[in-house]
Number of protein chains: 2
Amino acid sequence: MTNPTIVEVARLAGVSITTVSRCLNAPDKVGKKTLAKVRKVIHDINFSPNVLAQSFRRGRTNIILVVVHEIGSWLFADILEGIRAVVDGRYSIILTESRPDVTENGTFIDMLVARQVEGVILLCSPLPFSRKLIELAKSKPLPIVIGLEPVSDDLGQFPSVHIDNHQAAYDATQYLIRLGHVEILFVSGPKNSYVTKDRELGFIAAMRDAGLGMDGDRVIHSDLSANGGINSAIEILARPTRPSAIFCANDDVAMGVMSVAAKRGLRVPEDLSVMGFDDTRYAALTNPALSTVLQPARDIGVKAAQKLLQAIERPDDDAPRTEILPHRIVVRDSTALRR
Amino acid sequence: MTNPTIVEVARLAGVSITTVSRCLNAPDKVGKKTLAKVRKVIHDINFSPNVLAQSFRRGRTNIILVVVHEIGSWLFADILEGIRAVVDGRYSIILTESRPDVTENGTFIDMLVARQVEGVILLCSPLPFSRKLIELAKSKPLPIVIGLEPVSDDLGQFPSVHIDNHQAAYDATQYLIRLGHVEILFVSGPKNSYVTKDRELGFIAAMRDAGLGMDGDRVIHSDLSANGGINSAIEILARPTRPSAIFCANDDVAMGVMSVAAKRGLRVPEDLSVMGFDDTRYAALTNPALSTVLQPARDIGVKAAQKLLQAIERPDDDAPRTEILPHRIVVRDSTALRR
DNA sequence: CTGAAAGCGCTTACAG
DNA sequence: CTGAAAGCGCTTACAG
C-alpha cells in the first residue's frame, strides 16, 4: 500500500502532473472546472503531497532552529510561545539547548548544516557555540536573530530583540536604594554572559550614582540556576557583614537565595530584601512573593520570529537591526524598607 | 556559489557517483585507496551531502515528534533531556504542545502527516488529539510510545512507560494518614485526564482502606496549574471545615495552594500539610520545602525513546508493551503530624 | 489555461 | 571492488 503521488492524481483526473502541481501551489492559475475535478480526485483518494519531495525540489525545509539555554524554564517557554504564534503552520521549530554537552560534540553543528534549517533564533549565545554559528553563516547564508540577549561584538551583524538590561538593572537597584538599602549585593550570572554583564554594569552604575561605594565583593557570579543562588547565598551569609538586600540576576537565583534565607531563619523582607529578574511564572508563587523585573517574554518571541521570517523571506529588505522592548519593575512582597 | 554535489566529488576523484555514495554510506564496501582518494576530495572541497535529497530518496526524515502538555515545566524538560540523550545525533526532535489552540486547528495534524515524522512520543494524550493520532496510525504505520501517562483503552495498542500512579497516590495518602491526618483533600487534574484519575483512585483507595469515609467533596478538580491550585485552595478555605492536609496532583498545584495558605496566614505544615506530586526542581525551593512524590522523569524519557527507536528501527521485534518505573515519597517540610 | 520534458541530488538494484 | 543507469515525487521554465 504505497501512497498515491501526483501521477496517480493526474491519471484519475485526466490532466497532466503539471496541472496537479499547480492545483496544489497556484490554484488561481488553473481553470475552475479543472481545479474542481482535480480537487475531487485529491479528496477521493486522500492524496497529500510528499513533503520530502517538495522540500528537496524547492530546496527548503520550513524548519527553524531555536537555541535556548535550558528547556524547562518558563522564561524560554513563554518566548517560545510567542515564536510559535508567529511561525505556526509555516515553519516547524527544532529546539536545542546550548549546554556544552549538547553543542560541543559537533553533531549538533553538523545537523545544523545538514538539516538545512532555514533560520536560527539564538536565545543565548555562549561563546564557542556562537563562533561556530558565525562561521557557518559566512560560508552559507543563514538568517540569524538574537533574542533576549544583548548582542556581543561578534554578533553585531545580526538583528536582535531584547530589553535594555543595563537600564533595567539600574532601575531595580535604584528601587532598592530608595527603600533605604545601602549594603546591596548583586548575584550575577557567569562571567562570560553578556546579558548579566549588562545587568551587572547597571547595578554598579546605580550604586555609584547614589554615592554608594563598591567596596568589597558586591558582585557574586553564579550559573543562574537555583542551586547557584543557594551557593551564592551560603557564601554571602558566611561573610562578616550581612547585606540588607540581594538583587539576583534571575528569578531562579532569587528562589535559591530565599530558600537559604528561610533555612537560616532569616525573614524576607524584614531581615533581607530579595529581588529577582525575569518575572517568570513562579515569581508570584514564592513565599513571600518575589519582587522582580519583568521582561516581556512572549513579545520577545513574537518580534524575534517576525524578524527571522523577514530575513528568510525577504532577505533584501533592510530590517531595523536592534529592537529594545520595555521592562518593568514588579513590586511584590520580598522587598521592603530597610529596617 | 552553489553547493558541491556528489557529481563534483566524483569528477574530482575520478570515480563514479555510485562510489562516492558508497564512501558516504558503506565505506567498508569500497577499496582502501579509492576511499582515501574520495575522502580527500570531500574534505578539500568541504562537501557535505544534501540531506534533503537523502531524506527524499530514503523516504526517511530522522525526525521524531514529542507531544507535551506544556513546554516550560521542569517535569517535561527533564523527560526531554532523557529522550535527547538517547536519540541525539540520530534524530531531531520537534516539540509540540497539546493545548487545544495548537492541535485543534488541524495544521498540526497536517504537519504530522506531511512532515513525515518517523515516530511520536506522547507525553500527554488529551482526547480529541489522541483520537486523531490513532486514526493516523491506522492509515499509515506510525510508531507511537506513550510516556508519563497511563494508557487509556484507545491507546492500549501502544507501548508505554510510566510509574504506577495509583500506587504512588496510595502511598502518599497513606503517609499523610500515618501522620494522623483524617480530613484530607485531593486536588486532582481535569476530569478527562487518565493520569490524575489513577492518582485520584489511589487516594480514594487509601482513604477507604484506612476506614476514612469519603463524605463530602474530597476530590477537587483543577487544571494542574499553579493558578488551578490557587483557585482550588480558595474554594477549600471557603468551606465550613478546614482540612488538615491537602494532597495535590502535581507540584505546581501544591505551590498555588501554599501561596494561598501564606496569604491567609495559615502556617504550613503547622496548620496545614501540603503534599505535591512529581518532585520537579522547584519542589525543594518552596518555603517550606515541598513534600512530594518523585517520578523518575529523565528515566521515563530514556525508556520511552528507547522503545520508540526500537519500534522505528526494528518494527517486528515484540517489545514489552508497558514498563512501570519506581516512584518514591520525598518527605520535606510541608507535611507534619496533625496537631 | 494546459502539457511535455528536464532536472533537483541522491540511492540502489544490477551487471561486471 | 566499481560503474552505468533508473528512479524517488515533485517543480518549473518553456512552448503552445
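First, a word on what this report is: a plain description of the structure on this page. As the structure is a computational prediction, the values presented were derived from the model and not from experiment.

This brings us to the interface of chain A and chain B. Contact with chain A, which involves 51 residues of that partner, is made by 51 residues of chain B. Summed over both partners, the interface of chain A with chain B comes to about 4500 Å²; 59% of that surface belongs to carbon and sulfur atoms. Its largest share of buried area at the contact with chain B, chain A owes to L52, Y282 and L285 of chain A, together 15% of the area lost on that side. At the junction of chain A and chain B, the tally comes to four salt bridges. A salt bridge links E97 of chain A to R84 of chain B; the shortest N-O distance between them is 4.0 Å. Remark: the boundary between chain A and chain B carries five residue pairs in polar contact (both at pLDDT 80 or more). Going through the elements one at a time, α4 (51–58), α5 (74–87), β2 (92–97), α7 (107–114), α11 (226–237) and α12 (251–263) of chain A are the ones with two or more residues in the side of chain A that touches chain B. The greatest single-element share of the side of chain A that touches chain B, amounting to six residues, is contributed by β2 of chain A. Split into classes, the residues belonging to the side of chain A that touches chain B amount to 23 nonpolar, 18 polar and ten charged.

This next bit is on the sheet that holds strand β8 (residues 245–248) of chain A. All names here are of chain A. Across the sheet, four strands lie side by side as β7-β6-β8-β9; this open sheet has parallel pairing. For this open sheet the edge positions go to β7 (219–221) and β9 (273–275), each flanked by a neighbour on one side alone. Within this sheet the neighbouring strands show an average axis-to-axis angle of 20 degrees, counted without direction. Inspection of the sheet shows strand β6 (residues 184–188) paired to β7 by three bridges, in the parallel sense.

Turning next to the sheet that holds strand β7 (residues 219–221) of chain B. All names here are of chain B. In space, the four strands of this open sheet follow the order β7-β6-β8-β9, with parallel pairing throughout. Each having just a single partner strand, β7 and β9 (273–275) make up the two edges of the open sheet. Between one strand axis and the next, the sheet turns by 20 degrees as a mean value, whatever way the strands run. Across three bridges, strand β8 (residues 245–248) lies against β9 in parallel orientation. Looking across to β9, one finds that F247 is bridged to M275. Here helix α10 (residues 194–209) sits on the sheet and contacts β6 (184–188), β7 and β8; the angle it forms with β6, its principal contact strand, is near 170 degrees.

All right, on to the environment of V219 of chain A then. All names here are of chain A. The residue V219 is located in strand β7 in this model. Along the chain, V219 and I184 lie 35 residues apart, while their C-alpha atoms are 9.3 Å from each other. If sequence neighbours within four positions are ignored, V219 has contacts with F186, S188, E200, F203 and M214.

On to the protein's contact with DNA strand C. Not every one of the 26 residues close to DNA strand C is listed here, only the nearest: T19, T34 and R57 of chain A together with S21 and R57 of chain B. Sugar and phosphate atoms constitute 52% of the interface atoms of DNA strand C, taking the interface as everything within 4 Å of the protein. Elements represented by at least two residues in the surface near DNA strand C include exactly α2 (17–25) and α4 of chain A together with α2 (17–25) and α4 (51–58) of chain B. With five residues, the top contributor of residues to the surface near DNA strand C is α4 of chain B. Here the residues of the surface near DNA strand C sort into nine nonpolar, eleven polar and six charged.

So, about the relation of the copies chain A and chain B. Rotating chain A by 180 degrees about the axis while translating it 0.0 Å along that axis superimposes it on chain B, leaving an RMSD of 0.1 Å. As the rotation angle and translation indicate, the two copies are arranged about a two-fold axis. Looking at the rotation axis and the C-alpha trace of chain A, the residue lying nearest is G72 of chain A, at 2.1 Å. By residue overlap, the copies meet face to face through one surface: 100% of the interface positions of chain A are interface positions in chain B.

Let us look at the packing of α2 of chain B against helix α3 (residues 32–44) of chain B. Residues and elements named next belong to chain B. Following both chains from N to C, one finds α2 and α3 inclined at 85 degrees, their axes separated by 10 Å at the closest point. One element, α2, and the other, α3, form an angle in the roughly perpendicular class. Seen from α2, the contacting residues are T19, V20, C23 and L24; seen from α3, they are T34, L35, V38, R39 and I42. Of the residues belonging to the contact of α2 with α3, the class tally is six nonpolar, two polar and one charged.

Here is a general trend for soluble globular proteins: nonpolar side chains tend to be buried in one another's company. Judged by nonpolar contacts, the single largest core of 110 residues is most densely connected at I83 of chain A together with I83 of chain B. Look past the residues within four positions of I83 of chain B in its chain and what remains in contact with it is I64, V66, I93, I121, G301, V302 and A305 of chain B. Listed in part, the 34 residues of the second largest apolar core include I134 of chain A together with L65, V120 and I144 of chain B.

In this section: the pairing of strand β4 (residues 144–147) of chain A. Within a regular strand, side chains alternate between the sheet's two faces. Residue and element names in this part refer to chain A. Of the two faces of β4, the one carrying I144 and I146 and the one carrying V145 and G147 are both buried. Note: strand β3 (residues 119–122) against β4, three bridges, orientation parallel. Note that in β4 the partner of I121 across the bridge is V145. As judged from the two bridges shared by β4 and strand β5 (residues 160–163), these two strands associate in the parallel manner. By the bridge assignment for β5, I146 is matched with S160.

Let us look at α12 of chain A. Given a rise of 1.5 Å per residue, 13 residues ought to cover 18 Å, and the 18 Å separating the end C-alpha atoms of α12 of chain A matches this to within 8%. Here the buried face of α12 of chain A lies against β6, α11, β8, β9 and β10 (292–294) of chain A together with α12 (251–263) of chain B. Just beyond α12 of chain A, the residue with positive phi is G265 of chain A, at close to 80 degrees.

Take the pattern of salt bridges next. Enumeration according to the criterion identifies 30 salt bridges over all chains in this entry. In this structure, E118 of chain A engages R60 of chain A in a salt bridge whose closest nitrogen and oxygen atoms are separated by 2.8 Å. Linking E118 of chain A in the loop between α7 and β3 with R60 of chain A in the loop between α4 and β1 (63–68), this pair joins segments that are 58 residues apart in sequence. In this structure E118 of chain A comes out as buried when scored by relative accessible area, which is 12%. Residue class for R60 of chain A comes out partly exposed when judged on its relative accessible area of 31%. Across the pair D44 of chain B and K40 of chain B runs a salt bridge, and its minimum N-O distance is 2.7 Å.

Residues and elements named next belong to chain A. Turning to its location among the elements, T335 is positioned in the segment after β12 (328–330). Expressed as a C-alpha distance, the spacing of T335 and R208, which sit 127 residues apart in the sequence, is 21 Å. The residues touching T335, leaving out its near neighbours within four places in the chain, are Y175, L176, L179, P269, S273, V274, M275 and S291. A distance of 2.7 Å separates the side chain of T335 from the side chain of Y175, its partner in a polar contact. Within polar-contact distance, the side chain of T335 engages the side chain of S291 at 2.8 Å.

Moving on, we come to the packing of helix α9 (residues 165–178) of chain A against helix α10 (residues 194–209) of chain A. All names here are of chain A. Two elements in contact, α9 and α10, have axes separated by 7 Å at closest approach and are oriented at 40 degrees. For the element pair α9 / α10, the angle class is oblique. By crossing handedness, the relation of α9 to α10 is classed as right-handed. Counted together, N165, H166, A169, Y170, T173, Q174 and I177 of α9 and V195, D198, R199, L201, G202, F203, A205, A206, M207 and D209 of α10 form the full contact between these two elements. Per-class residue counts for the contact of α9 with α10 are nine nonpolar, five polar and three charged.

Criteria and thresholds
Residues numbered from 1 in each chain as written. Chains lettered and ligands numbered in written order. Predicted model: local features only at pLDDT ≥ 70, side-chain atom pairs only at ≥ 80, totals over all residues. Heavy atoms only, no water. Contact = heavy atoms within 4.5 Å. Buried area = accessible area lost by both parts, 1.4 Å probe. Salt bridge = Lys/Arg side-chain N within 4 Å of Asp/Glu carboxyl O. Polar contact = N/O pair within 3.5 Å; in protein donor to acceptor, adjacent residues only side chain to side chain. Helix = DSSP H or I, 4+ residues; strand = E, 2+ residues; numbered from the N terminus. Nonpolar A, V, L, I, M, F, W, Y, C, P; charged D, E, K, R; others polar. Pairing = 2+ DSSP bridges. Axes fitted to C-alpha atoms, helices over the stretch in contact; angles between N-to-C directions. Near = heavy atom within 4 Å. Least-squares fit on C-alpha atoms with pLDDT ≥ 70 in both. Parallel < 35°, antiparallel > 145°, perpendicular 65-115°, else oblique. Core = buried A, V, L, I, M, F, W, Y, C linked by side-chain atoms within 4.5 Å. Buried < 20%, exposed > 50% of the residue type's maximum accessible area, 1.4 Å probe, protein only. Expected span 1.5 Å × (residues − 1). Left-handed = near helix turned anticlockwise from the far one by under 90°.

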